[in-house]
2 protein chains.
Amino acid sequence: MAKTEGNINTWLDQIHNKYKTAVSVDCVIFGYDETGLKVLLIPCDMPPFENKLSLLGDIVHPNETTDQAAHRVLYKRTGLDDIYMEQVQVFSDLNRHPLGRVITVSYYSLIKINGNSFMELKDNHSLQWKNVSEINELAFDHKIIMDTCLERLRKNLREHPIGFKLLPPVFTLQQLQTLYEMVLGVELDKRNFRRKLSHLQILKPTGDSQKDVSHRPAKLYYFDQMEYEERNINGFSFGL
Amino acid sequence: MAKTEGNINTWLDQIHNKYKTAVSVDCVIFGYDETGLKVLLIPCDMPPFENKLSLLGDIVHPNETTDQAAHRVLYKRTGLDDIYMEQVQVFSDLNRHPLGRVITVSYYSLIKINGNSFMELKDNHSLQWKNVSEINELAFDHKIIMDTCLERLRKNLREHPIGFKLLPPVFTLQQLQTLYEMVLGVELDKRNFRRKLSHLQILKPTGDSQKDVSHRPAKLYYFDQMEYEERNINGFSFGL
DNA sequence: TTGACTTAGTGTCAATTAAAAAATAATTTT
DNA sequence: AAAATTATTTTTTAATTGACACTAAGTCAA
């Protein structure tokens, strides 16, 4: 890919020698269950953060984009691909990494905790889900990265139909509302929430209902991605 | 800043040698006048882009963050600091740079074309403002970078009071409306535009009016940043 | 099987906000 | 002083949002 004339390679070598910089990705992997929003973390083994947890990340390889690196990290740890992922922000403070200059690109992704068996399948004994509200500190600047990604997630949740990516393929309206309330930290009016959703026309009933609940079962819905894209909706708002 | 134990430096050296990657910043510097939205460009002297224009950018130095690098680039070229700037996105395609692996962090910034004499002050004979609508191709992947930044600018223009940063400190309501119409590519109703703005209460009249116009002079306003922040408005919307 | 319990699901009205549209006032030029 | 140009204000109407309470459906246990 690079021109291989001597003086040009020299220029690039000069850059590399003079501006020694490593580039990494860090993934804020959000999951959700009825107890709240969670992030997938791993114990850090690098001094001085031996007792801290850290986000999942890695150095960006020479033959991949940062997006590919982020997907690689996610796949290696969870066995999941085809996952929603969004680049958020670069963090490049000079002292953010104890070993030297490491510039990191942060991503967040949304995965369904229930219905995925990756916790068993992969070499993941050290991975753990931690409730967002219980995370007070992390290794490196990962707490700041997580908070930044959480803010971005909240903003996107208000404007785009991504909440479904944290739920099973089929869900009840109550589950969806609870997700919004938990992630955004607000209370929503049940009737207004349903009116807004039915007006958007992006949810389709499956025809089935909940089973094995000791009360009136709720109808099940799924998100119709195709119809959403056809109708060319440029985002929406859940109005706080 | 880095721990200086031998084996640790070895690790970092390995990274540097194995994953040789340069990091740069590219700035999409937006300016505005009555003919439309413009971007500040410079001729590219690197093969195979000798006849193309490119964005302003540079390698990130070892002793600065990417934000600082972007501000440095802007200051060096225009003599301006204290400029609104926003990080947008990382571009890391493998073939984006002909000399090898260069990952770039893109920024956009908003400056006032009129009332700044930087074009005279600095070594800027080769810099040129180019109308956004007339830019069909640029060196490297800079066209894609510009388009991405333009989309981000438009989104922010709808949600935050940043339009003023493209206008002189004092301006008429008509000027402001025209700016919105030109940047967003929409027509706005004059009466509704004014009502919306007056309801936001972020513009203050200077008491003065236009001079040297051959018709009724319009009143001049300025944006009251202090009051905006005090009133703690979390963005607004110009509703398309 | 009936009654108590639990969660699902539904509609109206008031208030606010957004949209559309027309007339008047200020200033310069002729 | 009359005409032309542009600035500014107000009213009416439609759409959206927010507040609010009861009935329906199904389970479980007596």
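Residue numbers run consecutively from 1 along every chain, following the written order of its sequence. Lettering of chains starts at A and numbering of ligands starts at 1, both following the order in which they are written. A pLDDT threshold of at least 70 governs which residues receive local features in this predicted model, and a stricter bar of 80 or more applies before side-chain atom pairs are shown or counted, although totals over entire chains, interfaces and linings include all residues. To get the side-chain values, all heavy atoms of the structure are used, and hydrogens and water are removed first.

## Quick word on the protein's contact with DNA strand C
Nearness is judged by heavy atoms alone; a residue qualifies as near a molecule or strand once a single heavy atom is within 4 Å of it. Neighbouring DNA strand C are 18 residues; K190 and K219 of chain A together with R191, R195 and R216 of chain B lie closest to it. Separating a base nitrogen of DNA strand C from a side-chain N or O atom of R195 of chain B is a distance of 2.8 Å. When the residues that make up the surface near DNA strand C are grouped by side-chain class, the tally is three nonpolar, five polar and 10 charged. Here a polar contact is taken to be a pair of N or O atoms separated by no more than 3.5 Å, where protein atoms must pair a possible hydrogen donor with a possible acceptor and residues adjacent in sequence count only if both atoms sit in side chains. In the scheme used here, Gly and all other residues not listed as nonpolar or charged are polar, with Ala, Val, Leu, Ile, Met, Phe, Trp, Tyr, Cys and Pro taken as nonpolar and Asp, Glu, Lys and Arg as charged.

## Some remarks on the nonpolar core
Nonpolar cores are built from buried Ala, Val, Leu, Ile, Met, Phe, Trp, Tyr and Cys residues. Side-chain atoms within 4.5 Å join them into one set. Here the term buried applies to any residue with accessible area under 20% of the maximum for its type, exposed to any over 50%, and partly exposed to those in between, with areas from a 1.4 Å probe on protein chains only. One finds I29 of chain A together with I29 of chain B to be the most contacted residues of the largest nonpolar core, which totals 46 residues. Setting aside residues no more than four positions away along its own chain, I29 of chain A makes contact with K38, V39, L40, L56, L74, S109, I111 and W129 of chain A. In terms of nonpolar packing, the next biggest core, distinct from the first, is built from 45 residues, V28, I135, L188 and Y228 of chain A among them. Here, two residues are considered to be in contact whenever any of their heavy atoms come within 4.5 Å of each other.

## A look at the packing of aromatic side chains
In this analysis, rings of Phe, Tyr and Trp, with Trp reduced to its six-membered ring, are considered paired at centre separations within 6.5 Å, and the interplanar angle assigns stacked below 30 degrees, edge-to-face beyond 60, and tilted for intermediate values. Counted by the stated rule, this structure contains 14 aromatic pairs over all chains. Taking 5.9 Å as the distance between ring centres and 65° as the angle between the ring planes, the aromatic pair formed by F30 of chain A and Y108 of chain A counts as edge-to-face. Of this pair, F30 of chain A sits in strand β1 (residues 22-33) while Y108 of chain A sits in strand β6 (residues 102-110), and the two are 78 residues apart along the sequence. Judged by relative accessible area, which is 0%, F30 of chain A ranks as buried. Residue Y108 of chain A is classed as buried on the basis of its relative accessible area of 0%. Measuring from centroid to centroid gives 6.2 Å for Y84 of chain B and Y108 of chain B, while their planes differ by 55°, and the two rings are tilted. On the criterion of sequence distance, the pair formed by Y84 of chain B in strand β5 (residues 84-91) and Y108 of chain B in strand β6 (residues 102-110) is long-range, its members being 24 residues apart. Site record: aromatic cluster; members linked through ring pairs are F164, F171, F223 and Y228 of chain A. Secondary structure elements follow DSSP: runs of H or I no shorter than four residues count as helices, runs of E no shorter than two count as strands, and numbering proceeds from the N terminus.

## Structural notes on the pattern of salt bridges
The term salt bridge refers to a side-chain nitrogen of Lys or Arg lying within 4 Å of a carboxyl oxygen of Asp or Glu. For the coordinates displayed, the defined rule picks out 25 salt bridges over all chains. The shortest N-O distance in the salt bridge between D33 of chain A and K38 of chain A comes to 3.8 Å. An identical accessibility class is assigned to D33 of chain A and K38 of chain A; each is buried. When the shortest N-O distance is used, the salt bridge between E137 of chain B and K52 of chain B registers 3.8 Å. Here the residue E137 of chain B occupies a position in the loop between β7 (128-131) and α4 (142-159), and K52 of chain B occupies one in the loop between β2 (36-43) and β3 (53-54), the gap between them amounting to 85 residues. Looking at K52 of chain B, the relative accessible area reads 24%, which means it is partly exposed. Each of K155 and E159 of chain A together with K155 and E159 of chain B takes part in salt bridges that share partners, so that together they form one network.

## Things to note about the interface of chain A and chain B
Contacts between the two partners involve 39 residues from chain A, matched on the other side by 39 residues from chain B. Between chain A and chain B, roughly 3700 Å² of surface is buried when both sides are summed, and carbon and sulfur atoms account for 65% of that area. Here chain A and chain B share two salt bridges between them. Measuring nitrogen to oxygen at the nearest pair gives 2.9 Å for the salt bridge that ties K155 of chain B to E159 of chain A. In this assembly, chain A and chain B are joined by 12 residue pairs in polar contact (both at pLDDT 80 or more). When residues of the side of chain A that touches chain B are traced back to their parent elements, those giving at least two are α1 (6-18), β1, β5 (84-91), β6 and α4 (142-159) of chain A. No other element matches the seven residues that α1 of chain A contributes to the side of chain A that touches chain B. Here the quantity called buried area is the accessible surface, traced with a 1.4 Å probe, that two parts lose on coming together, added over both.

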